[in-house]
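Observations on the three-dimensional arrangement
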Amino acid sequence: MNRVLIIGAGGVGRVVAFKCAQNADIFGEVTLASRTKSKCDVIAKDLPRNIRTETVDADNVTELTALIREVQPNLVINVALPYQDLTIMDACIETGVNYLDTANYEHPDEAKFCYGPQWEYHDRFQKAGIMALLGSGFDPGVTNVYVARAKKHHFDRMDTVDIIDCNAGDHGYPFATNFNPEINIREVSAKGRFFENGGWQETEPLSVKKVFDFPEGIGPKDIYLLYHEEMESLIKHFPEVRRMRFWMTFGQSYLTHLKALENVGMTRIDPVMYEGKEIIPLQFLKKLLPDPASLGPRTVGKTCIGCRICGEKDGRQKTYFIYNVCDHQTCYRETGAQAVSYTTGVPAAAGAAMILQDIWHGTGVFNMEQFDPDPFLRLVAQWGLPWIESFPDTGEI
Ligand code: NDP
């Protein structure tokens, strides 16, 4: 019987726990551990079957190793924060257990993320005879697999890839983030970056904007160019792509608040002395903002995330758009979480199922696009996130 250890009891951890509890044939025994055990217990109470809950400080390799030895899982699903990726990977190597996450490593003191530090673990994972699957959320995650599907079924050569992430949900607050506020604001306030003709081009934060007409009644929305981690691995694994960009929608209220918070220094991540105590302004701001896990009941509307790809098939130019549309309230009714947590947690559980059922296998550190996209997308669709394909007439977005 398979055993899994989920680390992190936020919005994403809740959805992963639900999918594991709903699928006992794949996830025999489930343990949910986090820094605050009471949050695990709240989730456990809502699940369709019993799971075990534990406390763990995932910054501490010794604590992690002890817990893994006690639980003896086949796989650790890391849905804590990106700061904990390396400590959890260390503990997995020490105990010989497979690893999966949804976001690449970030150092708490530097708002910069890249796969380098995790790819460096490849040889050690290989030597330990275990596998790490990186970025098994939606973006990164399903978006990587969409590109792999495009290459497998629709293109001889892919020229341009635009990944587009729209959250057209409304939670009724003037300002709140849909996942961890600290990680979200660090990502959005960083410089934009895209790949073109063999190199990375940098742009000022949120300075490049277009309007994209989203399907399924969502309609036209402003999209802004951002750097996003899946581009780094996709460019590595599909070097034929000439240009790759990532876009995200933001409402005017979000942007106005973000600008004001930046202007007064509330998004800073360096320590500031306040009444004799060091505080990090962004961490203090996180304390004041609504907990993303609490947005579920209030959020209405849809998300739409997909990849628009131009290239050549059988000597002809072709444009392909593959996407998912997810409704916040439908997700909430099933799991008690809104669609941003749902679209991350379902692929994390599906990636875990690929490993546990030996459908995706190998030793070392892998990104999602390195495996057969078909079984993963079939399972993600069966578990609530179907894909839709269209073939637009025009190439450029
Ligand atoms: P939350 O902030 O809601 O939850 C994080 C959880 O991790 C909390 O339970 C927190 O505990 C726990 N945690 C934090 N630090 C530690 C630690 N040192 N030891 C043990 N537990 C810890 O985040 P989300 O659920 O919104 O996001 C989870 C992950 O998913 C993040 O890494 C995020 O970047 C990623 N993500 C990926 C997406 C994708 O599509 N690929 C999209 C959205 C998110 P406590 O409550 O005690 O602080």
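Read on for an overview of the structure. All of these numbers come straight from a predicted model, not from anything done at the bench.

Criteria and cut-off values
Residues numbered from 1 in each chain as written. Predicted model: local features only at pLDDT ≥ 70, side-chain atom pairs only at ≥ 80, totals over all residues. Helix = DSSP H or I, 4+ residues; strand = E, 2+ residues; numbered from the N terminus. Rg over C-alpha atoms; globule rule 2.2 N^0.38 Å. Buried ≥ 20, exposed ≤ 12 C-beta atoms within 10 Å, placed from the backbone. Contact = placed C-beta atoms within 7 Å. Near = placed C-beta within 6 Å. Nonpolar A, V, L, I, M, F, W, Y, C, P; charged D, E, K, R; others polar. Domains from an automatic or database assignment. Arc of directions from axis to C-beta. Pairing = 2+ DSSP bridges. Axes fitted to C-alpha atoms, helices over the stretch in contact; angles between N-to-C directions. Core = buried A, V, L, I, M, F, W, Y, C linked by C-beta atoms within 7 Å.

Once that is clear, we can look at the overall build of the protein chain. The secondary structure content of the protein chain amounts to 14 helices and 18 strands. Computed over the C-alpha atoms, the radius of gyration of the protein chain is 20 Å, within 12% of the 21 Å expected from 2.2 N^0.38 for a compact globule of 397 residues. Seen through its C-alpha atoms, the protein chain measures out along the principal axes to roughly 55 × 55 × 40 Å. Here the protein chain holds 397 residues, and the buried ones make up 48% of them. Taking the contacts inside the protein chain whose residues are at least 6 apart along the sequence as the reference set, 71% of them involve residues at least 24 apart.

For the rest of this paragraph, the subject is the site of the ligand. With respect to spatial proximity, 34 residues lie near the ligand, and among them G10, V12, A58, G137 and F179 are the closest. Contributing elements (two or more residues each) for the shell around the ligand: α1 (11-22) and α13 (339-356). By residue class, the composition of the shell around the ligand is 16 nonpolar, 13 polar and 5 charged. Per-domain counts for the shell around the ligand show at least three residues from each of domain 1 (3-134) and domain 2 (142-336 + 386-390).

Moving on: helix α14 (residues 373-382). In an α-helix, one full turn covers 3.6 residues, which means residues spaced three or four apart are oriented alike. Residues P373, F376, L377, L379 and V380 constitute the buried set of α14. Seen from one end, α14 has its buried residues packed into an arc of 160°, which puts them on one side. Tucked into the core, α14 has its buried residues touching α7 (142-154) and α13. Two residues or fewer past α14, G384 is found with a positive phi of approximately 125°.

Moving on to the sheet that holds strand β17 (residues 364-367). Overall, parallel pairing links the 7 strands, which are arranged β3-β2-β1-β4-β5-β6-β17 in an open sheet. Sheet topology places β3 (52-55) and β17 at the edges, where each strand pairs with a single neighbour. In this sheet, adjacent strand axes meet at a mean angle of 20° when their direction is disregarded. Bridging between strand β4 (residues 75-78) and strand β5 (residues 98-101) involves 4 bridges; their strand directions are parallel. Residue N78 lies in a different strand from β5, and its bridge partner there is D101. Sitting on the sheet, helix α2 (residues 37-46) is in contact with β2 (29-34) and β3, with an inclination near 140° to β2.

What follows is about the nonpolar core. Formed by 106 residues in total, the largest nonpolar core has its most connected members in I6, I7, V16, V76, I77 and A132. The element that contributes the greatest number of residues to this core is α13, accounting for 11 residues. When residues no more than four places from it in sequence are discounted, the contact partners of A132 are M89, Y99, Y121, F125, V365 and F366.

Relative to strand β9 (residues 199-203), strand β8 (residues 192-196) is paired through 5 bridges, and the arrangement is antiparallel. Bridging across to β9, F194 finds its partner in Q201. The antiparallel pairing of β8 with β9 creates a hairpin that spans 2 residues between the two strands, and N197 there sits at a positive phi of about 45°.

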